Amino acid sequence: MQRIDLLVTYDVDTSTKAGQKRLRRVAKVCEGFGQRVQYSVFACSVTRAQLEEMEARLLHEMNQKKDSLHIYVLHGGRERSLRSHGRDPYRDFDDPLIL
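Residues numbered from 1 in each chain as written. Predicted model: local features only at pLDDT ≥ 70, side-chain atom pairs only at ≥ 80, totals over all residues. Heavy atoms only, no water.

Engineer: Where do I start with the pattern of salt bridges in this structure?
Structural biologist: Any two side chains of opposite charge can pair, so long as their charged atoms come close to each other. For the coordinates displayed, the defined rule picks out 4 salt bridges. Among the ionic pairs, Asp 67 bridges to Arg 22, the shortest N-O distance being 2.7 Å. Placement of Asp 67 in the loop between α2 (48–61) and β4 (68–73) and of Arg 22 in helix α1 (residues 17–31) is noted, with a sequence separation of 45 residues between them. Arg 22 matches Asp 67 in its accessibility class, with the two residues each being buried. (Salt bridge = Lys/Arg side-chain N within 4 Å of Asp/Glu carboxyl O. Helix = DSSP H or I, 4+ residues; strand = E, 2+ residues; numbered from the N terminus. Buried < 20%, exposed > 50% of the residue type's maximum accessible area, 1.4 Å probe, protein only.)

Structure (structure tokens):
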């Protein structure tokens, strides 16, 4: 099954308690599909079905009048699309794990 590499970014209005709760829920959805690379940025490698599920869940959690969500498809994969400098917390879970 072909995987799609994505960069998911969001900005949630946290000026209210409801916004703070939304922020936690949006982050939790993203954690289920990828890994955090910055506070509101996640790197994901998903199938088409997982992308559709993730997007639907995120749209359900966010307030589209106050929050924003951007999903960038990394054509050619993360390796060809990214130029990273400095600390990079990303780990490729498809690589062998050495304990």
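Engineer: Even after reading the chapter, I still don't get α2, so can you show me in this structure?
Structural biologist: An α-helical turn contains 3.6 residues, so a residue and the one three or four places further along point in the same direction. Taking 1.5 Å per residue, 14 residues should reach 20 Å; α2 reaches 20 Å between its end C-alpha atoms and fits that length. Listed in full, the buried residues belonging to α2 are Leu 51, Met 54, Leu 58 and Glu 61. Within α2, the buried residues cover an arc of 100° as seen down the axis, which keeps them to one side. Counted as exposed and oriented over 90 degrees from the buried face of α2: Arg 48, Ala 49 and His 60. The elements touched by buried residues of α2 are β1 (4–11), α1, β3 (41–46) and β4. (Expected span 1.5 Å × (residues − 1). Arc of directions from axis to C-beta. Contact = heavy atoms within 4.5 Å.)

Engineer: What's the story with the nonpolar core in this structure? I'm lost.
Structural biologist: Leu 6, Val 8, Tyr 10, Cys 44, Met 54 and Leu 58 are the most contacted members of the largest nonpolar core, which has 18 residues in total. Breaking this core down by element, the ones donating at least two residues are β1, α1, β3 and α2. (Core = buried A, V, L, I, M, F, W, Y, C linked by side-chain atoms within 4.5 Å.)

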